[in-house]
Amino acid sequence: MIKIYHYEMMNIHFGQNWDIHWHNSKKMPTEEQYIQMVINKTSVLPRMCIRLISEIMCDQISELQSNRMVSYIETLGAAFQIQDDLIAVVSDDYAIERGLIGEDIHEGKKTLMVLNS
């Protein structure tokens, strides 16, 4: 079980590293690479919670159910990040809080919107 959590914590660092590398190198990732980065950055901690719950409730949750929950959480994490990126572009409240609208775009971050523009 500890190996799983060690692996998951490495995923957070991989995701963050990809994000920084793409920003600094001006490399444009594919949509698939972007989604994988977001899953690694945003979905890791909730995914670890699901895995822990599955371990604790091993008598009541099958491996298939656990895998389906993990897949759902990964999708939810990616959707959260994409929505957060959209809010940063269109929300007046966000602009007031951060001081400008479209902060990620101004910083040159690769978001799904940038990849598809």
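Going by the structure above, here's the rest.
Calculation rules
Residues numbered from 1 in each chain as written. Predicted model: local features only at pLDDT ≥ 70, side-chain atom pairs only at ≥ 80, totals over all residues. Heavy atoms only, no water. Helix = DSSP H or I, 4+ residues; strand = E, 2+ residues; numbered from the N terminus. Expected span 1.5 Å × (residues − 1). Buried < 20%, exposed > 50% of the residue type's maximum accessible area, 1.4 Å probe, protein only. Contact = heavy atoms within 4.5 Å. Phe/Tyr/Trp six-rings, centres within 6.5 Å; stacked < 30°, edge-to-face > 60°. Core = buried A, V, L, I, M, F, W, Y, C linked by side-chain atoms within 4.5 Å. Disulfide = S-S within 2.5 Å.

1. Things to note about helix 4 (residues 63-90)
The end-to-end C-alpha separation of helix 4 is 41 Å, in line with the 40 Å expected for 28 residues at 1.5 Å each. When helix 4 is considered as a whole, its buried residues turn out to be Ser66, Val70, Ile73, Gly77, Ala78, Gln81, Asp85 and Ala88. Those residues of helix 4 that are buried are in contact with helix 2 (31-42), helix 3 (44-56), helix 5 (92-98), helix 6 (103-107) and helix 7 (112-115).

2. Quick word on the packing of aromatic side chains
Considering all chains together, one arrives at 1 aromatic pair under this definition. Look at Trp18 and Trp22: their rings are 6.3 Å apart centre to centre, the planes differ by 25°, and that puts the pair in the stacked class. Placement of the pair is Trp18 and Trp22 together in helix 1 (residues 2-25), with a separation of 4 residues, close to one helical turn. The class of Trp18 is partly exposed, set by a relative accessible area of 32%. On the basis of relative accessible area, Trp22 is assigned to the buried category, the value being 5%.

3. Concerning the nonpolar core
In this structure, Trp22, Tyr34, Met37, Val38, Ile39, Ala78, Leu112 and Leu115 together form the largest nonpolar core, which totals 8 residues. Counting only elements with at least two residues in this core, the list comes to helix 2 and helix 7. Considering each element in turn, this core owes the most residues, 4 residues, to helix 2. Each residue touching Trp22, except ones within four places of it in the same chain, is listed here: Lys27, Pro29, Gln33, Tyr34, Met37 and Lys110.

4. Considerations on the state of the cysteines
The final tally for this structure, using the stated rule, is 0 disulfides. The thiol of Cys49 is not disulfide-bonded; the next cysteine sulfur, from Cys58, is found 18 Å away.

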